Each structure stands twice: as C-alpha cells, then as structure tokens.
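# Examining the three-dimensional arrangement
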Amino acid sequence: MPTHLSRRGLIRGITAATAVAALATGLTACGGDSEAATTTDSAGTVTVGRLSNGAAKETGLKVSEVKSISARLPASVRKSGKLVIGVGALPSGSAPLNFVGSDQKTLTGSEPDLGRLVAAVLGLKPEIRNSTWENLFVGIDSGKVDVAFSNVTDTEERKKKYEFASYRKDNLAFEVVKKSTWNFDGDYENLAGKTVTVGSGTNQEKILLEWKAKLAKEGKKLTVKYFPDQNAINLALSSGKVDAYFGPNPAVAYRARQTANTPAPTRNAGTFSGAGASLQGLIAATSKKDSGLAEPVAAALNHLIDNGQYAKWLAAYNLSNEAVAKSEVNPPGLPADNS
C-alpha cells in the first residue's frame, strides 16, 4: 500500500483471502525485505501473467535487447549485467499490480512483469527485490535497488530525490459493496457522513485527508479508518464497518471482478486522478535522482509501446484503459504543495 505516496491497491490471486495467505507465507523476510523468486523464460521471451491465479491472461511476448538503448545505461549497471527491480509488495501484495503467484513464491503482477520486459530490452537479467512500501524507497536511496516498478506516483516532491519514467495513468477509485447506492460522482461533498478506509502513507490518503479537512471547515464529518492489510480492509467493507475503500483503480476494478459471483460483491463507485482534479496523474518507474537510469528506461518503455508489447502487457492485466501514448522522463507530477 501503497511520501510515501502511490497507490497500492491490494488484493489477492484467486480470491482475496487465498492470495493474501499465499503472499503472507510466500514473501516474508526479516526487516521487511525479500529476494522474490523469479520466473525463467526461454531466450527472447518474457511471459506476463504467469502464475497469476486468474489476475491476467498468460501471454508470451518476444522481446530482445536493443543495443542502441542499452548503450545509454550507466556503466555500473551495464557492467553488472542485471537490473535490480524494486517492488513494495510486502506484507500482503496488491493484485493485479504485485502479488505472490500460484506457486506461493514467485512475485507476479503487472508491475514486476513490466520490469522484466524493460530489463529484456536493456539486455539485463531482472532481479526482483520485494520489500515493504517504506523500504522500497530505502532500497533506492541505498543503491540496493536500481529502479522501482511498484505503482509509484510521479510527484514534484519526490523529484527532489528521484527521477521518473512514466508508464501508466494513475487513477484512484472508491470501492463499495455492490448493494450500496452511494457514488462519489467526482465531488468530495458526497463523502460527508461517510466512513472510508485508505492505505496509510499513500497518495490517496493525503487526498482523502484534504477532503476531510475541507468538510470539517463546512461543519461536516468524514471518518477515516485504517487497517493493517488489504484482507482486513476487505472484511471491514463487506461487514459494513466502513462505507468505502479509497485505493488504486486497478485494484478496485480487479476486486470487483473477482467478487462478482461471491456473497459479497463489490463495485467501483467513482474514480479520481491521483494528481488531483487539474492534472492526470502518472505512474512511473522510479530511480535515484541523477542515476542516469530514467532516460534509458523511458527509451525501453517507448520501444515496447512502439512495437506492441506494451499494449499486450496492459491487455493481459485488463489495464488497457490506463495506457499512455509515450513514456516521458520526469513529466509534470502531483504539485509539490499537494504531494
């Protein structure tokens, strides 16, 4: 859960409870950091959606090194022969973004899969390092992680320490039980009198707390509650302890599909840009400022866009509606006075 700031939706593989259990047992480590098991593909092929418990359509994509792009890598990374990819999925993951697969050890999901695709274009072996959300940034700061693919929002505040290569639109959404008649309708006033849960330390939390403060000035109340993981959030929502969950749009859309035929189906009750009302938020690959990685990573992403693998990656995870036309280096992000 994913300034902390980003949007870690959080969900499981086959069902919320099943995947949470798999993730909790499959990716635990002292200090909140773990070397995630990786998949092995045949030369020149990256398989996305492998072991995804139905979160994605398994798709094999042909991807080869583009030497004109890999030549732009920092010498230290090129010499190492590997791209250390940070994912902040501990403790409970966030399907379809990042979660433990059906083998209960391999980190799968749209984010690590995109990292693997980029590594292939760069001619590097992907090494996935899984951690808690907070330790994800510690890993980048310390140099243990080259680049994070973990649903990180591009913000102006973060640019003080990090550089970005955008790859997906960043939208948030409200999840409610299907029988609820409440809808956000793009208006924070509709939150008056409601109880909403949100991930601590996330961008959506900051936005929600700002709306809470606005409502308080108007003499209206918005109650915000916190729970330790997504499984607890799901239970709070289904039991009526909260009226809505505010999280990443991909996670909310995924869970609505997964719960459709269960006793407690949910639905999307409205979306909001992660960068606020006036700017389309963007999710971006994140590396240490002045590391020299943002530019070649963006070039690799644009190669994937131009050659169709990017569209197939999105389609495999049902995220086509969050596609960007091109990857940009340090595009305008969530304003510093609001991030």
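Before reading further, recall that the structure is shown in the block above.
For the structure given in this document, a descriptive report is provided here. (Residues numbered from 1 in each chain as written. Predicted model: local features only at pLDDT ≥ 70, side-chain atom pairs only at ≥ 80, totals over all residues. Heavy atoms only, no water.)

## Things to note about the overall build of the protein
- Tallying secondary structure elements over the protein gives 10 helices and 14 strands in all.
- Within the protein, buried positions represent 57% of all 339 residues.
- Just so you have it, the protein exposes about 13200 Å², and 52% of that area is on carbon and sulfur atoms. (Helix = DSSP H or I, 4+ residues; strand = E, 2+ residues; numbered from the N terminus. Buried < 20%, exposed > 50% of the residue type's maximum accessible area, 1.4 Å probe, protein only. Areas by Shrake-Rupley, 256 points an atom, 1.4 Å probe, with all protein chains shown as cover.)

## Details of helix α4 (residues 110–121)
- In this model α4 runs 17 Å from its N-terminal to its C-terminal C-alpha over 12 residues, within 8% of the 16 Å that 1.5 Å per residue would give.
- Taken across its 12 residues, α4 has 12 buried, putting it largely inside the fold.
- Buried within α4 are the following residues: Ser110, Glu111, Pro112, Asp113, Leu114, Gly115, Arg116, Leu117, Val118, Ala119, Ala120 and Val121.
- Just beyond α4, the residue with positive phi is Gly123, at close to 70°. (Expected span 1.5 Å × (residues − 1).)

## Examining the nonpolar core
- Grouped together as the largest cluster of nonpolar side chains are 45 residues, with contacts concentrated most on Leu83, Leu117, Val118, Leu122, Phe149 and Trp313.
- Of all the secondary-structure elements, those providing two or more residues to this core are β2 (45–48), β4 (82–90), α4, β9 (162–177), β14 (281–288), α9 (294–306) and α10 (309–316).
- Sort the elements by how many residues they give to this core and α9 lands first, with 7 residues.
- With residues up to four places along the chain from it excluded, the contact list for Trp313 reads Val48, Leu61, Ser110, Glu111, Asp113, Leu114, Leu117, Tyr167 and Arg168.
- With 19 residues, the next largest nonpolar core counts Val176, Leu191, Ile207 and Leu208 among its residues. (Core = buried A, V, L, I, M, F, W, Y, C linked by side-chain atoms within 4.5 Å. Contact = heavy atoms within 4.5 Å.)

## Some points on the packing of aromatic side chains
- Scanning the model with the defined rule gives 13 aromatic pairs in all.
- Where Tyr167 meets Trp313, the ring centres are 6.4 Å apart and the plane angle is 65°; that geometry is what we call edge-to-face. Taken as a pair, Tyr167 in strand β9 and Trp313 in helix α10 lie far apart in primary sequence, 146 residues in all. Each member of the pair, Tyr167 as well as Trp313, is classed as buried.
- Centre to centre, the rings of Phe174 and Trp211 are 6.3 Å apart; their planes meet at 25°, and the pair counts as stacked. One end of the pair, Phe174, is in strand β9; the other, Trp211, is in helix α6 (residues 203–217), with 37 residues separating them in the sequence. You'll find Phe174 and Trp211 in the same group, each marked buried.
- By the ring-pair criterion, three or more aromatic residues cluster together here, those being Phe174, Trp182, Phe184, Trp211, Phe246 and Phe272.
- A cation over an aromatic ring shows up here: Lys214 above the ring of Tyr188, its NZ or CZ 5.3 Å from the ring centre. (Phe/Tyr/Trp six-rings, centres within 6.5 Å; stacked < 30°, edge-to-face > 60°. Lys NZ or Arg CZ within 6 Å of the ring centre and 35° of its normal.)

## Here we look at the pairing of strand β10 (residues 195–198)
- What you see with β10 is no split at all: Thr195 and Thr197 on one side and Val196 and Val198 on the other are buried throughout.
- In the sheet, β10 pairs with strand β11 (residues 223–225) via 3 bridges, with the strands oriented parallel. Directly across from Thr197, in β11, lies its bridge partner Lys225.
- With α6 bridging β10 and the parallel β11, this β-α-β connection has right-handed handedness. (Pairing = 2+ DSSP bridges. Right-handed = clockwise from strand over helix to strand, strands pointing away.)

## Notes on helix α8 (residues 249–258)
- With 7 of its 10 residues buried, α8 lies for the most part within the structure.
- When we look at burial in α8, the residues that qualify are Asn249, Pro250, Ala251, Val252, Tyr254, Arg255 and Ala256.
- Against the buried residues of α8 lie β9, α7 (230–239), β12 (244–248) and β13 (266–273).

## Re the pattern of salt bridges
- Counted by the stated rule, this structure contains 13 salt bridges.
- Between Arg72 and Glu295 there is a salt bridge whose closest N-O contact spans 2.7 Å. Residue Arg72 is located in the loop between α2 (67–70) and α3 (75–80), and its partner Glu295 is located in helix α9; the two are separated by 223 residues in the primary sequence.
- Assessed through its relative accessible area of 39%, Arg72 is described here as partly exposed.
- Salt-bridge contacts for Asp113 lead to Arg116; the nearest nitrogen and oxygen are separated by 2.8 Å. Separated by 3 residues within a single helix, Asp113 and Arg116 lie in helix α4, roughly one turn from each other. Accessibility classification places Asp113 together with Arg116 in one group, the buried group.
- Salt bridges linked by common partners bring Glu111, Arg168 and Glu322 together as one network. (Salt bridge = Lys/Arg side-chain N within 4 Å of Asp/Glu carboxyl O.)

## Description of the side chain of Asp146
- Positionally, Asp146 belongs in the loop between α5 (133–142) and β8 (147–148).
- Although Asp146 is buried, it makes no salt bridge; Lys82 carries the closest opposite charge, 7.4 Å away.
- Among the polar contacts made by the side chain of Asp146, one reaches the main-chain amide nitrogen of Val84 at a distance of 2.8 Å.
- What Asp146 contacts, discounting residues up to four positions off in sequence, is Val77, Lys82, Leu83, Val84, Thr286, Ser287 and Leu293. (Lys, Arg positive; Asp, Glu negative; His and termini not counted. Polar contact = N/O pair within 3.5 Å; in protein donor to acceptor, adjacent residues only side chain to side chain.)

## A look at unusual backbone geometry
- Cis geometry is adopted by the peptide bond preceding Pro91, which originates at Leu90 and carries an omega value of 5°.
- Looking at the secondary structure, you find Pro91 in the loop between β4 and β5 (99–100).
- Note that the residue after Ala95, namely Pro96, is joined by a cis bond; omega there is 5°.
- Its place among the elements puts Pro96 in the loop between β4 and β5.
- Although it is not a glycine, Gln104 adopts a positive phi angle of roughly 60°.
- Here Gln104 lies in the loop between β5 and β6 (107–108).

Without other data, these values stay purely geometric and don't point to any function.
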